[in-house]
Amino acid sequence: MRRKIIAGNWKMNKLRSEAVELVKGLIPLVADVRDVDIVVCPVYVSLSTVYDLIKDTNIALGAQDCFWEEKGAYTGEVSAPMLKDVGASYVVIGHSERRQYFGETDEWVNKKTRAALKAGLTPIVCVGERLEEREVGRTIDVISRQLEGGFAGFDKGQIGGCVIAYEPVWAIGTGKTATPEQAQEVHSFIRGWLKDNYGEEVADKVRIQYGGSVKPANARSLLTQPDIDGALVGGASLKAEDFAEIVKAAIV
Ligand code: 13P
């Protein structure tokens, strides 16, 4: 049985004082939850502050990206060891917004994921098709390409250390959630891909989150699908009550 993982991707939201308020609100609401992994991913500049508040709680810290080099002349970038150093245990990699606005490629995702694993972080590697790709029946082609490029050359140990997030781009921030059946279909394809490439044990172990307009009202129907092992939540993670309800919907 895979342990469910609910992560809040705050994206570029919340000043430091607002981040403090959000996390202080969240801590008591989820304090009793034992069998779900809970992660919050604030902006870089609030990581340390949030970590100080959650370090003795059941909430873990994640970042939203990292660079693949450990240090050097890469102005504006932050490396995986630096994230680890401020208390992060997870890092989101290859989010569709990074692919869309910052030109991230599968090759970059591959390098960043390797760097995250090397630093002892758990990468949350995002894949997902755009609306026009779904409409012409290319969803599975796109997901396969992203998996093959993103994890090219990975061994069982490396892929076993990752979380995968399926986020259909057309469902992000649009209020248009994939139906549980649409999501399950792609999750089941990803599970099959893991099995074909890395064997049953790895396929059974790797957690696959769904992301895209997850809300308290639809969380349970998604999280009860056989291959949906958690959620990567954007908008609804910005409200402590909503995020806590989604966490609770993951309790089996
Ligand atoms: P929304 O939950 O706002 O649709 O965002 C999903 C997402 O992109 C999480 O990474």
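Values in this document were obtained by computation on a predicted structure and should not be read as measured data.

*Asks:* Whenever I open this one, the sheet that holds strand β4 (residues 90-93) confuses me. Can you help?
*Replies:* Hydrogen bonds along the backbone pair up the strands of a sheet, which may run parallel or antiparallel. Taken together, eight strands build a closed barrel; the order of strands is β1-β2-β3-β4-β5-β6-β7-β8 and the barrel is parallel. Within this sheet the neighbouring strands show an average axis-to-axis angle of 25 degrees, counted without direction. Here strand β7 (residues 207-211) runs beside strand β8 (residues 230-233); their pairing, made up of two bridges, is parallel. Paired with G211 across the two strands is L232, which belongs to β8.

*Asks:* What is the right way to look at the site of the ligand in this model?
*Replies:* Around the ligand, a shell composed of N9, K11, H95, E167, A171, I172, G173, G212, S213, L232, G234 and G235 is seen. For the ligand, an oxygen atom lies 2.7 Å from a polar atom in the backbone of S213. A distance of 2.9 Å is found between an oxygen atom of the ligand and a backbone nitrogen or oxygen belonging to G234. Burial of the ligand by the protein amounts to 97% of the accessible area it has alone, namely 310 Å². Residue composition of the shell around the ligand, grouped by class: three nonpolar, seven polar and two charged.

*Asks:* Would you take a moment to explain the side chain of S144 for this structure?
*Replies:* Mapped onto the elements, S144 comes out in helix α7 (residues 139-150). Residue class for S144 comes out buried when judged on its relative accessible area of 18%. Among the polar contacts made by the side chain of S144, one reaches the main-chain carbonyl oxygen of I140 at a distance of 2.8 Å.

*Asks:* Explain the packing of helix α1 (residues 16-30) against helix α2 (residues 47-54) to me, please; I cannot follow it from the model alone.
*Replies:* Helix-helix packing is described using two parameters, namely the angle between the two axes and the distance between the axes. At a closest axis distance of 10 Å, the pairing of α1 and α2 adopts a crossing angle of 25 degrees. Considering their axes alone, α1 and α2 lie roughly parallel with respect to each other. By crossing handedness, the relation of α1 to α2 is classed as right-handed. For the pair α1 and α2, the contacting residues are R16, A19, V20, V23, K24 and I27 in the first and T49, V50, L53 and I54 in the second. Looking at the contact of α1 with α2, its residues break down into seven nonpolar, one polar and two charged.

Each value, and the rule that gives it
- Residues numbered from 1 in each chain as written.
- Predicted model: local features only at pLDDT ≥ 70, side-chain atom pairs only at ≥ 80, totals over all residues.
- Heavy atoms only, no water.
- Pairing = 2+ DSSP bridges.
- Helix = DSSP H or I, 4+ residues; strand = E, 2+ residues; numbered from the N terminus.
- Axes fitted to C-alpha atoms, helices over the stretch in contact; angles between N-to-C directions.
- Near = heavy atom within 4 Å.
- Polar contact = N/O pair within 3.5 Å; in protein donor to acceptor, adjacent residues only side chain to side chain.
- Areas by Shrake-Rupley, 256 points an atom, 1.4 Å probe, with all protein chains shown as cover.
- Nonpolar A, V, L, I, M, F, W, Y, C, P; charged D, E, K, R; others polar.
- Buried < 20%, exposed > 50% of the residue type's maximum accessible area, 1.4 Å probe, protein only.
- Parallel < 35°, antiparallel > 145°, perpendicular 65-115°, else oblique.
- Left-handed = near helix turned anticlockwise from the far one by under 90°.
- Contact = heavy atoms within 4.5 Å.

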